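# Observations on the model geometry
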Amino acid sequence: MKIVSFVIQNRARFGVVIEHEVVDLTDAFGPDIGTVNALLGSDKLASVVQSLPDGAPRYALDELHYLPPIPNPGKIICVGVNYHHRNEEYKDGTAAPAYPSVFPRFASSMTGHGQPLICPVEESEQLDYEGEIAIVIGKRGRRIPQQQALSHIAGLTCLNEGSVRDWLKHGKFNVTQGKNFDQSGSAGPWLVTADQFPRYDNLEVITRVNGEERQRDTTANLMFSFEYLIHYISRWTTLEPGDVISTGTPTGAGIRYDPPKFLREGDVVEVEVPTIGILKNTVRNG
């Protein structure tokens, strides 16, 4: 099942994709389930497709102004340097890390499928792409054992963890500034629910810029698996329905080219996960 968040007629809505249209579920379950987060945390999710409400509005996909699948996540937690080849890319001779490297993103730093990525040219011209697979949490948990972690996944989405490279170096011990420029990253086009994934250990992620493939890898090469990330993160923060964990990017970001290939106005960035879809955005100066 594909769950999509969108704006139509100046109203933020969410629904389920059925073929080439979306069935609006925003008002289907009453005031207690008026957001995607609430739907994910409820017992209604599993039965949505079998019991679509009669008379619910339907819209063609090309009518939509897409939002990130979770427009208001409580937390966006990103994992850095999580593919084996990425660790080797640094060429610093260090062994694989014992623990994940994590940092936060704010909801304002993300936009939806088809919406512009903003290059903050007044501050920097080093906007870069990072194609990733993001986990969306569907069940609350703290100190989640690894053997139970996958049951806390509501679904997955594509994510472009856009980074402003020179601002990543402003802090001695953190990268928060360069990871949180407004509308510098994106997620979507939708959330694909967990029942569509028999397993998570061989999912492919591909990034293209203007049709040129820049990144390609599979989750078979992750240093920290989905279940370990959920377990580890939940040791220090309670995970709630709608929280997002972005699981890391493969080698091939623009900064790694000589000279670097940073994004410029008009560039089209696509992040594809074949089992999910294609997240597509065009860069705009702002």
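How each quantity is defined
Note that residues are indexed from 1 along each chain, following the sequence as it is written. Totals for whole chains, interfaces and linings use all residues, but because this is a predicted model, local features are given only for residues with pLDDT of at least 70 and pairs of side-chain atoms are given and counted only at 80 or more. Side-chain calculation: all heavy atoms of the structure are included, whereas hydrogens and water are not. UniProt positions are given in the numbering used here, feature names are shortened, and annotations may be inferred rather than shown by experiment. Only DSSP runs of H or I covering at least 4 residues are called helices, and only runs of E covering at least 2 are called strands; the numbering of each starts at the N terminus. For the exposure calls, accessible area comes from a 1.4 Å probe over protein chains only, and a residue counts as buried if that area is under 20% of its type's maximum, exposed if over 50%, partly exposed in between. Nitrogen and oxygen atoms within 3.5 Å of one another constitute a polar contact, given that in protein one can donate a hydrogen and the other can accept it, and given that sequence-neighbouring residues count only through two side-chain atoms. Only heavy atoms enter the contact rule, under which two residues are in contact if any of them lie within 4.5 Å. Definitions used throughout: a 1 Å grid over protein atoms alone; a cavity as a set of points that fits a 1.4 Å probe which cannot get out; a pocket as an open set with protein on both sides within 12 Å along at least five of seven lines; a lining residue as one with an atom within 4 Å of a point. Grid points are joined across faces, edges and corners, and a volume is the space filled by probe spheres set on the points. The residue classification treats Ala, Val, Leu, Ile, Met, Phe, Trp, Tyr, Cys and Pro as nonpolar and Asp, Glu, Lys and Arg as charged. All others, Gly included, are polar. Domain delimitation in this document rests on an assignment produced automatically or drawn from a domain database. Two strands pair under a simple rule: DSSP has to find at least two bridges between them. For every element, the axis is a line fit to its C-alpha atoms; helices are fit only across the contacting stretch, and the angle between N-to-C directions ranges from 0 to 180 degrees.

Looking at an unreviewed UniProt entry, one finds the protein named 5-carboxymethyl-2-hydroxymuconate isomerase, with Advenella incenata as its source organism. Heading Cofactor (unreviewed entry) of the UniProt record for the protein holds this comment: "Mg(2+)". Reading the Sequence similarities (unreviewed entry) entry of the UniProt record for the protein gives the comment "Belongs to the FAH family."

### Side note on the side chain of Arg214
Following the sequence through the fold, Arg214 ends up in strand E16 (residues 212-218). Note on Arg214: relative accessible area 13%, which makes it buried. A distance of 3.1 Å separates polar atoms of two side chains, one belonging to Arg214 and the other to Tyr129. When residues no more than four places from it in sequence are discounted, the contact partners of Arg214 are Tyr129, Thr207, Arg208, Val209, Thr251, Gly252, Tyr257 and Lys261.

### Here we look at the layout of surface pockets
Approximately 260 Å³ is the volume attributed to the second largest pocket. In this structure, the second largest pocket is lined by 15 residues; those nearest its centre are Leu45, Ala46, Ala154, Thr193 and Asp195. Tallied by class, the residues present in the lining of the second largest pocket amount to nine nonpolar, four polar and two charged. When residues of the lining of the second largest pocket are sorted by domain, at least three fall in each of domain 1 (2-66) and domain 2 (76-285).

### Observations regarding unusual backbone geometry
Cis rather than trans, the peptide bond between Gly188 and Pro189 has omega equal to 0°. Position of Pro189 among the secondary structure elements: in strand E14 (residues 185-193). The omega torsion of the bond from Asp258 to Pro259 falls at 0°, within 30 degrees of zero and hence cis. As for its placement among the helices and strands, Pro259 is situated in the loop between strand E17 (244-246) and strand E18 (268-273). We note that Gln9 has phi near 55°; this positive angle belongs to a residue other than glycine. Assignment of secondary structure puts Gln9 in the loop between strand E1 (2-8) and strand E2 (11-18). Judged by relative accessible area, which is 60%, Gln9 ranks as exposed.

### Examining the sheet that holds E16
Reading across from one edge, E9-E19-E18-E15-E16 is the order of the five strands in this open sheet, with mixed pairing throughout. Across the chains shown, the open sheet's two edge strands, defined by having one partner strand only, are strand E9 (117-119) and E16. Mean inter-strand twist for the sheet, computed between neighbouring axes without regard to direction, equals 20°. Pairing of E18 with strand E19 (residues 277-285), which is carried by six bridges, proceeds in the antiparallel orientation. When the bridges of E19 are listed, Val269 appears paired with Asn281.

### Looking at the pairing of E19
Here E9 runs beside E19; their pairing, made up of three bridges, is parallel. Pairing of Cys119 across the sheet is with Asn285, part of E19.

### Focus: the environment of Tyr232
Tracing the chain through its elements places Tyr232 in helix H4 (residues 226-236). Take Tyr232: its relative accessible area is 21%, and that puts it in the partly exposed class. For the pair Tyr232 and Ala149, spaced 83 residues apart in sequence, the C-alpha to C-alpha distance is 9.9 Å. In this structure Tyr232 touches Tyr99 and Pro100, once residues within four positions along its chain are discounted.

### Focus: the environment of Gln183
One can find Gln183 in the loop between strand E13 (163-164) and E14. Here the alpha-carbon distance between Gln183 and Asn285, two residues 102 residues apart in the chain, equals 11 Å. Among the polar contacts made by the side chain of Gln183, one reaches the main-chain carbonyl oxygen of Pro116 at a distance of 2.7 Å.

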